[in-house]
Amino acid sequence: MKVKELATSAGVNPDTVRFYTREGLLKPSRNPDNNYQQYDAEDLRRLRFARKARQLGFSLIEVRQILDQADEHHSPCPLVRDVFQQRLAEVEREINELQQLHKRMKTALAAWQDMPDGTPDGHTICRLIEHWDDNTSDKQVEE
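**Looking at the environment of Tyr 36**
Here's step 1: The residue Tyr 36 is located in the loop between β1 (29-30) and β2 (37-38) in this model.
Here's step 2: Sequence separation between Tyr 36 and Met 1 is 35 residues, and the spatial gap between their C-alpha atoms is 9.8 Å.
Here's step 3: Setting aside residues up to four positions removed in sequence, Tyr 36 forms contacts with Lys 2, Ser 29, Arg 30 and Asn 31.

**Some thoughts on helix α5 (residues 77-112)**
Here's step 1: Here α5 contains 36 residues, and its C-alpha end-to-end distance of 51 Å stays within 8% of the 52 Å for a straight helix at 1.5 Å per residue.
Here's step 2: Turning to α5, its buried residues number three or more, namely Val 83, Arg 87 and Ala 108.
Here's step 3: If you follow the buried residues of α5, they end up packed against α4 (60-71).

**Here we look at helix α3 (residues 41-55)**
In an α-helix there are 3.6 residues to a turn, and that puts residues three or four apart on one side.
Here's step 1: A rise of 1.5 Å per residue sets the reference length of α3, with its 15 residues, at 21 Å; its end C-alpha atoms lie 21 Å apart and thus fit the reference within 8%.
Here's step 2: Taken as a whole, α3 has its buried residues at Asp 43, Leu 44, Arg 46, Leu 47, Ala 50 and Ala 53.
Here's step 3: Packing partners of the buried residues in α3 comprise α1 (3-10), α2 (14-22), β2 and α4.
Here's step 4: The distance from a side-chain oxygen at the start of α3 to the backbone nitrogen of Glu 42 is 3.1 Å, and the residue carrying that oxygen is Asp 40.
Here's step 5: The first or second residue beyond α3 is Gly 57, which carries a positive phi of 100 degrees.

Conventions and cut-offs
- Residues numbered from 1 in each chain as written.
- Predicted model: local features only at pLDDT ≥ 70, side-chain atom pairs only at ≥ 80, totals over all residues.
- Heavy atoms only, no water.
- Helix = DSSP H or I, 4+ residues; strand = E, 2+ residues; numbered from the N terminus.
- Contact = heavy atoms within 4.5 Å.
- Expected span 1.5 Å × (residues − 1).
- Buried < 20%, exposed > 50% of the residue type's maximum accessible area, 1.4 Å probe, protein only.
- Polar contact = N/O pair within 3.5 Å; in protein donor to acceptor, adjacent residues only side chain to side chain.

See the structure below:
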């Protein structure tokens, strides 16, 4: 298969095929007649795998590590589980931080409804931001 054929078969854009080839995840052969890169069923399998792994949040480096272990006939499943557990913990932390930011934003927007517009006067830049938490406790602000 040529780049475009592989891309079509995998449901990706040809630039994705070229990118994964440059990164060494795909290992096409060269057609001796025209020197075009030729991809086979193994490249298609690896491309589909890489795409699914990326959709699950694995980094390019992690995908490469998984494929390297498989290429060496070692099960990459323990690595996948470990990386995925760590990634899930990171995502949960990020979700918590975003939920806290969401709460602060809603609180600020509600407070801003009653605050007058101000012009920078050498003491303030934008009173909406500088005074949004004047009526909240320090504990709520740090959340």
